[in-house]
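# Close look at the chain arrangement
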Amino acid sequence: MIELSKLIVMLLGIFGFGLALYIHHKKSGREKMVCYVGRDCDAVVHSEYSRFFGIPIEFLGMLYYAAVAVAYFTFLVAPHLATMPAIFWALAATTGAVLFSLYLTFIQGFVLREWCEWCLTSAFLSVAIFLLAFKGLPIGIFDFLAAAKVPIVLLHGIAAAVGVGAATITDVLFFKFLKDLRISEEEADILKSVSQGVWLALGILVVTGLALWLPAAEELNQSAKFLVKMLVVAVIIGNGLFLNLWIAPRLIYISFRARPPAHGGIPGELRHIRRFAFALGAVSITSWYSAFILGSLRGVELGFWPMLSIYIAVVGAAVFMSQIADRSLAAGAE
C-alpha cells in the first residue's frame, strides 16, 4: 500500500508538471485560456497575483511538481534513500504547496472573484499529493512529528525571525515612502513584495507550530505562554488579511495633501483608510515581535491573563503612537 501511494504521488507530480507547463505555454504565447465552466481564466492567470516574489506562479508549480515526481521516483527505485530526513523535507514541500494552493484559491474566490478551472485542478492535485504523502508514511504521524522535532523547531525559529524582519522592513519602508506624503504605485508594489515574505513566514510558522503541538497537545494546552502566543498568531493572521485585502489595494490613494480622490471616494474616506493603515501596521509589528519574544522566552512564570494583558497594553500603546504619527504628518502637510 505504501509503495502504491508513492507511485500515485509520482504520477500526480508528472501530471501537475504538464498542467503547469500548459499554463506557461498559453501565457507566454499570449493565447486565451479556455475554461469550460464559463469562467474567465485569463483574468486569473494574468492578474497581479500571478507572480510570487516576481516569479510566475506556473514556474513555481513546474519546479514543485518536478521535484515531487523525481523524489518519489527515487523513493520507489531506491528505497534505502527514503530516509526520515528525506521524507520530512518531501512532506514539508507538499504541506507548503497545499497551503499555497489554498491561498491562491482564496484569492480567486474573494479578491478576483473569478475561477480558473486549470488553477483549481492544480490545487486539487496539491491536496491529493499532500494526503497520499502522509498516507505513505512508514510510521504513525505523531511518531513521525516527534522524530522530526529538531528540524521543525529550526524551521519554526527561522520563520519567526523572517516574519519579524519582513514586518519591520514593511513598516520602515512605509514611513520612508511617505516622505513625499504619498505612496506611488511602484512603492506600493515594493510593499506588496515584502508583505509576501511576511505571509510566507506566517504560513511556515503556523504549520510548524501545529506540527509541534500535535505530539504534545496535552502539555502545551496547559502552557500560558503557548496559549498567548497562539492568540497573537491569530491576531497576526486576521490583521494581515485586513491589511492585504482592504488596505493594500488602496495604498496609492493614501495622501496627506488635499487633492481630489482618484478612486471615486471622498476625502474623509481617504483619511479613514490612512489611519487604518497606520493602526494595522502598528498591530502587525508589535504582534510579530510579541510572538518572537514569547517563542524565545524560557521559564516564564507569568499566568495567562497577566501575559495577555501585557500584550494588549503594548499593542494599544503602539496603535496610539501610530495615530499620533499620522496626525503629525498630516499637520506638517497642511
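Further up the page is the structure itself.
We now turn to the structure provided with this report. Treat the numbers as computed from the prediction; the structure is a model and nothing was measured.

We now examine the packing of aromatic side chains. Per the stated rule, a full pass over the model turns up 16 aromatic pairs. Taking NZ or CZ as reference, Lys-192 lies 4.5 Å from the ring centre of Tyr-49, over its face.

Within the structure shown, the criterion is met by five salt bridges. For Asp-326, the salt bridge is made with Arg-274, and the minimal N-O distance between the two is 2.7 Å. You can see Asp-326 sitting in helix 12 (residues 304-333) and its partner Arg-274 sitting in helix 11 (residues 267-296), a full 52 residues away along the chain. The pair Asp-326 / Arg-274 is uniform in exposure class, with both members buried. What you see here is one network of salt bridges that share partners, running through Arg-274, Arg-275 and Asp-326.

As a further point, take unusual backbone geometry. Although it is not a glycine, Phe-53 adopts a positive phi angle of roughly 55°. Take Phe-53: it is sitting in the loop between strand 1 (51-52) and strand 2 (55-56). Take Phe-53: its relative accessible area is 40%, and that puts it in the partly exposed class. With a phi close to 55°, Arg-113 is a non-glycine residue in the positive phi region.

Turning our eyes to something else, we now look at a nonpolar patch on the surface. Taken together, the side chains of Tyr-289, Phe-292, Ile-293, Leu-297, Val-300, Leu-302, Ile-310 and Val-314 make up a nonpolar region of the molecular surface, amounting to roughly 630 Å² of accessible area. Mapped by element, the contributors of at least two residues to the nonpolar patch are helix 11 and helix 12. In terms of residue count, helix 11 provides more of the nonpolar patch than any other element does, three residues in total. Taking the relative accessible area as the measure of exposure, Leu-302 reaches 42% and is therefore partly exposed.

The rules we used
- Residues numbered from 1 in each chain as written.
- Predicted model: local features only at pLDDT ≥ 70, side-chain atom pairs only at ≥ 80, totals over all residues.
- Heavy atoms only, no water.
- Phe/Tyr/Trp six-rings, centres within 6.5 Å; stacked < 30°, edge-to-face > 60°.
- Lys NZ or Arg CZ within 6 Å of the ring centre and 35° of its normal.
- Salt bridge = Lys/Arg side-chain N within 4 Å of Asp/Glu carboxyl O.
- Helix = DSSP H or I, 4+ residues; strand = E, 2+ residues; numbered from the N terminus.
- Buried < 20%, exposed > 50% of the residue type's maximum accessible area, 1.4 Å probe, protein only.
- Patch = residues over 30% accessible without salt bridge, like charges linked within 9 Å, V, L, I, M, F, W, Y side chains within 5 Å.
- Areas by Shrake-Rupley, 256 points an atom, 1.4 Å probe, with all protein chains shown as cover.

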